[in-house]
Amino acid sequence: MKESLMDVICCPLEKADLELDVDERDDEEVLEGTLTCTECGEVYPIEDGIPNLLPPDMREEEEAAA
Amino acid sequence: MNRLDRDGPTVYQPAEDSGLLAEAAIEGARGRVLEVGTGSGWVAERIAAERGLRVVGSDRNPHAAREARDRGVEAVVADLLDPFRDDAFDTVCFNPPYLPTDPENEWDDWMEHALSGGESGRELIEPFLADVGRVLAPDGVVFLLVSSLTGYEEVLALVEEAGFAHAVAREESFPFETLTVLRLDRRV
C-alpha cells in the first residue's frame, strides 16, 4: 500500500486513526507491516502490500478456513 | 470445509455488468475514487487508466484484492465501507453480489460471496446504501449497478431512504435480466 492510503482508511470498528508500523517497504509502497487503531488497539496486518482491514472476527474466520 | 482449495475460480471475472459499470464510471467519476467489491480489479483499473484518477479497490476476498493489486489497483481487504474515513471519496462505485439465493442452496465459497445477494438479492446493497453517505464527500457521486433480478423498484426505495437522488447512467437488456447503472447524488 502507498503511504497516502492513510488519508482514506480508519479502524473498521472505531472509525479512529490508525498508526502505521512498517516492517518492509520498497520505493513506492509499504509491503509488510501493521496498522494499529489509536482507540481500541486492534492490530491489522499489511501483507504483500495489501492491508487487511476486516474486523477481527471476519479475519479469523477466513484464516481458519485457509 | 476448506473454501480456498476447492476447484474452480475464486475471483469474479469481468462480465457484461462490469463493462456497463466501467462505462458509466469513466464518464462520470471525479476526484478520489473507491470501487467496493472490486473483484479482479478490472473496473478500477479502467477508471484509473482512462481518467487518470486515483482509484482504491476494496474486496472482502483476499484473492480478489491480490488480483486487483496485480493490475496496479491500490487494493484493500475490507467489508464494504467499514474501514474508510468520513468524506474520503468523491466517487464510489459498486457492482454488488446481487443474485437472489435460496438459503438452502447457498454454497459457501468465494464465488458465492461474489454472486449471492442473499434471499432478497439486496443483502449487501442495503448496508452499502445505509453507509455510503458517510464516506462520500459532500458533492460526491455514487455509481451502483442494479439488476432487474434484484428488484429495481425495491433498490430505488432504498436509495431514496438513504437520501439520494437517482438517474439512469447506463442501461442494457439481456435475455434474463436488465442491467442498470444508477448515478446517485445527494438530495439537496
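Residues numbered from 1 in each chain as written. Chains lettered and ligands numbered in written order. Predicted model: local features only at pLDDT ≥ 70, side-chain atom pairs only at ≥ 80, totals over all residues. Heavy atoms only, no water.

## Quick word on the overall build of chain B
Part 1: A tally of regular secondary structure across chain B gives six helices and seven strands.
Part 2: Counted from the first residue to the last, chain B has its helices and strands arranged as α-β-α-β-α-β-β-α-α-β-α-β-β.
Part 3: Computed over C-alpha atoms, the radius of gyration of chain B comes to 15 Å, within 12% of the 16 Å expected from 2.2 N^0.38 for 188 residues, which places it in the range of a compact globule.
Part 4: When the backbone C-alpha atoms are referred to their principal axes, chain B occupies close to 50 × 35 × 30 Å.
Part 5: By residue count, 51% of the 188 residues in chain B fall in the buried class.
Part 6: Mean positive and mean negative side-chain charge positions of chain B (18 and 37 charges, respectively) differ by 8 Å. (Helix = DSSP H or I, 4+ residues; strand = E, 2+ residues; numbered from the N terminus. Rg over C-alpha atoms; globule rule 2.2 N^0.38 Å. Buried < 20%, exposed > 50% of the residue type's maximum accessible area, 1.4 Å probe, protein only. Lys, Arg positive; Asp, Glu negative; His and termini not counted. Charge placed at Lys NZ, Arg CZ, Asp CG, Glu CD.)

## Some thoughts on the interface of chain B and chain A
Part 1: Every contact between the two is made by 25 residues of chain B and, on the other side, 28 residues of chain A.
Part 2: Seen at the junction of chain B and chain A, the total is two salt bridges.
Part 3: Between A:E29 and B:R69 there is a salt bridge; the shortest N-O distance is 3.0 Å.
Part 4: On inspection of chain B and its partner chain A, the count reaches 12 residue pairs in polar contact (both at pLDDT 80 or more).
Part 5: Listing elements by their share of the side of chain B that touches chain A, those giving two or more residues are helix 3 (62–70) and strand 3 (74–77) of chain B. (Contact = heavy atoms within 4.5 Å. Salt bridge = Lys/Arg side-chain N within 4 Å of Asp/Glu carboxyl O. Polar contact = N/O pair within 3.5 Å; in protein donor to acceptor, adjacent residues only side chain to side chain.)

## Let's talk about the packing of helix 5 (residues 125–135) of chain B against helix 6 (residues 152–161) of chain B
Residue and element names in this part refer to chain B.
Part 1: It is at 9 Å that the axes of helix 5 and helix 6 come closest, and there the two elements cross at 25 degrees. Here helix 5 lies roughly parallel to helix 6, going by the angle between them. Relative to helix 6, the crossing made by helix 5 is right-handed. For the pair helix 5 and helix 6, contact is made by I125, E126 and L129 and by V155, L158 and V159, respectively.
Part 2: Residue composition of the contact of helix 5 with helix 6, by class: five nonpolar, no polar and one charged. (Axes fitted to C-alpha atoms, helices over the stretch in contact; angles between N-to-C directions. Parallel < 35°, antiparallel > 145°, perpendicular 65-115°, else oblique. Left-handed = near helix turned anticlockwise from the far one by under 90°. Nonpolar A, V, L, I, M, F, W, Y, C, P; charged D, E, K, R; others polar.)

## Comments concerning the state of the cysteines
All names here are of chain A.
Part 1: Applying the stated criterion across every chain yields a total of zero disulfides over all chains.
Part 2: No disulfide involves C37; its nearest neighbouring cysteine sulfur is the one of C40, lying 3.6 Å away.
Part 3: You can call C37 buried: its relative accessible area is 4%. (Disulfide = S-S within 2.5 Å.)

## So, the environment of B:A162
Part 1: Mapping B:A162 onto the fold places it in the loop between helix 6 and strand 6 (164–173).
Part 2: Sequence spacing of B:A162 and B:G133 is 29 residues, and the spatial spacing of their C-alpha atoms is 7.7 Å.

## A few points about the sheet that holds strand 3 of chain B
Residue and element names in this part refer to chain B.
Part 1: Spatially, the seven strands line up as an open sheet ordered 3-2-1-4-5-7-6, and their pairing is mixed. For this open sheet the edge positions go to strand 3 and strand 6, each flanked by a neighbour on one side alone. Strand after strand, the sheet turns through a mean of 20 degrees between neighbouring axes, direction not considered.
Part 2: By the bridge criterion, seven bridges tie strand 5 (residues 136–147) to strand 7 (residues 178–186) in an arrangement that is antiparallel. Bridging from a neighbouring strand, F143 pairs with R183 of strand 7.
Part 3: Contacting strand 1 (33–36), strand 4 (89–94), strand 5, strand 6 and strand 7, helix 5 crosses the sheet at an angle of about 160 degrees to strand 5. (Pairing = 2+ DSSP bridges.)

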